[in-house]
Structure formats: C-alpha cells, structure tokens
Amino acid sequence: MNGIDGLIVINGINHFPISWLHSKGFCEYQLYLEKIKKIKVEKTAEMIIGKQIHEELEREFLEQAEEEMTIEEALIRSKETGESFFIRELETISSKYGIYGKIDEVQIFPDNILIIDDKPGSVAYQGLIKQVAAYSLSFSEEFKPDRDIFSVLRNRDTKEVFWCQKFDKNLLETVVKDIIEIHDLIRDVRLPESTTNPQKCLKCRFRRVCDRSLA
Ligand code: SF4
C-alpha cells in the first residue's frame, strides 16, 4: 500500500496530506489517478507560480517575526495578557484522523483562533472549504484550544477574506466524511467517483490521460 507519494505511516496509522482534500473536492478521480495510480503529468504554470509566491510570503513574514514561542505558550499568554499572536506555516498532525499538513497562518486572539488558508482566487469552492476545515480539525485535535476556532479562506494577493465560518459540528462532520473516503481509497476499499461537470475536465491537467474525461 505504501509507496504512495505523501502518505506517511506512524504507529501503523496512515496519514495523508490535508491538501488532498482540495483535489478530492475538485474530482476524486483526479486524486486517485495522481496519488493512488501514480500517474505523472506536468504541473501547471499557476501551480509553479503559486509555490513561488507562497515561499516569498513566508520569507517576508519570517523577516518580520518578533518572538519564538510554542503554540501552547501563545494560547496561555494571549489569555493572560490579551495579546494576539500570528504564526505562519504551522505544521500540524492528527493521528486520530490520519491527516497532516502546514497551515498558512494561525491567528491566536484571547477569545478565538483563526485558521487561515491563502488562495489565489476568491471563490469558496467545496474543496477549499474542506481543506481549511481539515486544518482546523487537525489544529483542534493537536492543541485542544480553549476557545472557538474559525476557518478562513483569504485571497493570497489582496489579503481579503472571502469565506469564514465557525468550525462547528456541521463543518466537522462534512470534512470527516471526506477524510474517511480518502482513507478508504488508500486502503483500496472504495471506488473513486469522478466529476459530472465537463467544465472541470476542461481545466483538469489529467484530461489527456483520464479515461473518464468529459472534455
Ligand atoms: S478529466 Fe475530469 S474526470 Fe478525469 S480526473 Fe480530470 S476532472 Fe476528473
């Protein structure tokens, strides 16, 4: 089963990257072709540029960073002093759900926490919502914060928030269903579904190798 790029096994538990939820939201069959069947296609220019912009944002943030502290310390201190703390590129892992990833930005306030995913566009597609919800779930499981978490999608270039929702039971249930389905794909006990939207196939970088393409 292993040999799947990105999949790590800790204490016998599969952990997959949270970004896979984005791919699944676009088309589960695309995720299956890329990760399970290991079919290689060229990265798009948008993906390459996006990675470069991401790295540049992180570099700028690190140059301005003032203090080093753990998340646990930031949670305690913000409660005690009313301060706010912003953390970039926070690694998170949840063994309960078998997911891991890097959160673009976490903003810790005395009364709540924002889990922010920076995106190139401003449309809250289901895949993006599930991805940021999974980051929120993983953070919540790992650090067990004593305040509300809000999942946030923010435009990478304008910094405008285009979607924000409290990480509640409904959001949790939506994303856990997808997480279970991906684990089932990895264990080869689920047949992948493909999109019914030809517009997605038109934009898909796998369309030339996909036997279910509608474009
Ligand atoms: S071509 Fe269409 S069906 Fe095939 S992987 Fe891409 S989006 Fe899915």
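Thresholds, definitions, all that
Residues numbered from 1 in each chain as written. Predicted model: local features only at pLDDT ≥ 70, side-chain atom pairs only at ≥ 80, totals over all residues. Helix = DSSP H or I, 4+ residues; strand = E, 2+ residues; numbered from the N terminus. Rg over C-alpha atoms; globule rule 2.2 N^0.38 Å. Buried ≥ 20, exposed ≤ 12 C-beta atoms within 10 Å, placed from the backbone. Pairing = 2+ DSSP bridges. Near = placed C-beta within 6 Å. Nonpolar A, V, L, I, M, F, W, Y, C, P; charged D, E, K, R; others polar. pLDDT = per-residue confidence, 0-100. Axes fitted to C-alpha atoms, helices over the stretch in contact; angles between N-to-C directions. Parallel < 35°, antiparallel > 145°, perpendicular 65-115°, else oblique. Contact = placed C-beta atoms within 7 Å.

What to know about the overall build of the protein
Moving on, step 1. Summing up its helical and strand segments, the protein has seven helices and seven strands in all.
Moving on, step 2. Mapped from its N terminus to its C terminus, the protein presents α and β elements in the order β-β-α-α-α-α-β-β-β-α-β-β-α-α.
Moving on, step 3. A globule of 215 residues ought to have a C-alpha radius of gyration of about 17 Å, and the protein, at 18 Å, matches this closely.
Moving on, step 4. Dimensions of the protein, computed from C-alpha atoms along their principal axes, come out at roughly 60 × 40 × 30 Å.

Thoughts on the pairing of strand β4 (residues 99–108)
Moving on, step 1. Taken across its ten residues, β4 has seven buried, putting it largely inside the fold.
Moving on, step 2. For strand β2 (residues 13–17) and β4, the ladder comprises two bridges, and the chain directions are parallel. For Pro 17, the partnering residue across the bridge sits in β4 and is Tyr 100.
Moving on, step 3. Between strand β3 (residues 85–94) and β4, which pair antiparallel one after the other, the connecting turn spans four residues, and Gly 98 there sits at a positive phi close to 70°.
Moving on, step 4. Two strands pair when backbone bridges link them, and β4 and strand β5 (residues 112–119) are joined in this way by four bridges, in the antiparallel orientation. In the sheet register, Ile 108 faces β5, and the bridge partner there is Ile 113.
Moving on, step 5. Here β4 folds back onto β5 in antiparallel fashion, the turn holding three residues.

Notes on the site of the ligand
Moving on, step 1. Among the 15 residues in the neighbourhood of the ligand, the closest are listed as Cys 27, Gln 30, Cys 201, Cys 204 and Cys 210.
Moving on, step 2. Elements represented by at least two residues in the shell around the ligand include exactly α2 (28–36) and α7 (198–203).
Moving on, step 3. Here the element with the most residues in the shell around the ligand is α2; it accounts for three residues.
Moving on, step 4. Across the shell around the ligand, the residue classes break down as eight nonpolar, four polar and three charged.

A look at unusual backbone geometry
Moving on, step 1. One non-glycine residue, Lys 38, lies in positive phi territory at about 60°.
Moving on, step 2. The residue Lys 38 is located in the loop between α2 and α3 (45–64) in this model.
Moving on, step 3. The phi dihedral of Asp 188 falls on the positive side, at around 65°, and the residue is not glycine.
Moving on, step 4. Looking at the secondary structure, you find Asp 188 in the loop between α6 (169–186) and α7.

Some thoughts on the confidence of the model for the protein
Moving on, step 1. Mean pLDDT over the protein stands at 93; residues scoring 70 or higher make up 99%.
Moving on, step 2. When pLDDT is averaged over each element of the protein, strand β6 (residues 148–155) comes out on top at 98 and α3 at the bottom at 76.

Things to note about the environment of Lys 96
Moving on, step 1. Among the structural elements, Lys 96 can be located in the loop between β3 and β4.
Moving on, step 2. Given 11 C-beta atoms within a 10 Å radius, Lys 96 is considered exposed.
Moving on, step 3. For the pair formed by Lys 96 and Ile 13, sequence separation is 83 residues and the distance between their alpha carbons is 8.9 Å.

Description of the packing of helix α5 (residues 126–143) against α6
Moving on, step 1. Closest axis-to-axis distance for the α5/α6 pair is 9 Å, and the angle between their directions is 100°. Classified by the angle their axes make, α5 and α6 are roughly perpendicular. Contacts between α5 and α6 involve Lys 130, Ala 133, Ala 134 and Leu 137 from the former and Leu 171, Leu 172, Thr 174, Val 175, Asp 178 and Ile 179 from the latter.
Moving on, step 2. Classifying every residue of the contact of α5 with α6 by side-chain character gives seven nonpolar, one polar and two charged.

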